[in-house]
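The primary structure of each chain is shown beneath.
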Amino acid sequence: MNLIVESVERIAVLRASALGDLLLILPAVEALRRAYPAASITLLGREWQVPFLRGRPGPVDEVVAVPPIEQSPEAPPELVGRFDLALQMHGDGHYANAFVNGLGARVTAGLRGDDAQPLDRWVPYVPYQHETLRFLEVAGLVGASSEHVEPRMHVTGRDYAELRSVLGELPRGLIAVHPGGRDARRRWPASCFAEAAARLGRPVAVTGGEHERDLVDEVCALIPKAIPVVGTLSAGGLAALYTACDVVIANDSGPRRLAAAMGTPTVGVYWCGDLINAGPLTRSHHRPLISWTTQCPTCGSAGLREPGGCAHPVSWLTDVGAAAVADQAGELLSA
């Protein structure tokens, strides 16, 4: 069956979210580019994505920042009627499908949860499915396919210039660790990052956002001569830093996905449920270590994703050992 939409000149893709979420859709957007080589692809995204993707080689032609979908599910008037094809790669569609339908595109496609508006073409949203494969299914609804399942991103001269201006000359054999993450339950302890890095005997950069300064400081206090990189680099500058590293050790996070998209080997520490949705799909350059903890270490509440479950800010990843992480990183470094 030919699912290609005829006479498409302008495509909109909705993905207004964080860095790691953006990277997960890249294989699907690359598939759209191959299926519709003459069309212009517009990412409807967040404000930070505009400078990050401007001038960067890739499948997106332009980025238009849109208001938070959860707060403003109506499409801005200036976007209505602008697109021939609109794809919802934002989530379960509870708010996003109304936004996409409001664009007035000839054909809409995307994800649909139980309480979401229907689109012209849709696949059901279920909680546990790898996000990249989920979005490739959406691209398949309009005839696009890809053999590539890992996100890929290009570093630019502007990224390298920023890195040099902030950090200067980097030591040879550098590795990076990223101890941060949005949810304390999904963060490996800072002391474990420090122990794993120390076992490798390499120069270490410790990365984090300004809101993660305490975590970075905690790791650096345990690693002599570690280089703290906290809130000083844009996403592009961080990409350049990770390109200069031989391996990156991180929690499930946007920075781990960014390093992987740049071609840098990674070791990730995952809670089991998160590995299903966002872990690396290949193993030659990426090694996930998995915590099988299924009850809160503080209160015994089961199921990290259960509605109404506890939110004690304690790590669920402590059953992953630093020696195991260092061993996996050592294998990647040897290879």
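Shown above is the structure to which this text applies.
Right, let's walk through the structure included here. (Residues numbered from 1 in each chain as written. Predicted model: local features only at pLDDT ≥ 70, side-chain atom pairs only at ≥ 80, totals over all residues. Heavy atoms only, no water.)

### Side note on the pairing of strand β7 (residues 175-178)
1) Next: Because side chains alternate across β7, one face comprises the buried residues Ile175 and Val177, and the other comprises Ala176 and His178, equally buried.
2) Next: Where β7 lies against strand β8 (residues 204-208), three bridges are found, and the strand directions are parallel. The residue of β8 that forms the bridge with Ile175 is Val204.
3) Next: Where the polypeptide runs from β7 across helix α6 (residues 190-200) and back to β8, its parallel neighbour, the crossover connection is right-handed.
4) Next: Of the strand pairs in this sheet, β7 and strand β10 (residues 248-251) are connected by three bridges, and their pairing is parallel. Within β10, the residue paired with Ala176 across the bridge is Val248. (Buried < 20%, exposed > 50% of the residue type's maximum accessible area, 1.4 Å probe, protein only. Helix = DSSP H or I, 4+ residues; strand = E, 2+ residues; numbered from the N terminus. Pairing = 2+ DSSP bridges. Right-handed = clockwise from strand over helix to strand, strands pointing away.)

### Here we look at the pattern of salt bridges
1) Next: Inspection of the entire model under this criterion finds 16 salt bridges.
2) Next: Where Arg287 meets Glu331, a salt bridge forms, and the shortest distance between an N and an O atom there is 2.8 Å. Within this pair, whereas Arg287 is found in strand β12 (residues 286-291), its partner Glu331 is found in helix α11 (residues 322-334), the two being separated by 44 residues in sequence.
3) Next: By relative accessible area, Arg287 is classed as buried at 17%.
4) Next: Glu331 sits in the partly exposed class, given a relative accessible area of 43%.
5) Next: When salt bridges that share partners are traced, they join Asp183, Arg185, Arg186 and Asp274 into one network. (Salt bridge = Lys/Arg side-chain N within 4 Å of Asp/Glu carboxyl O.)

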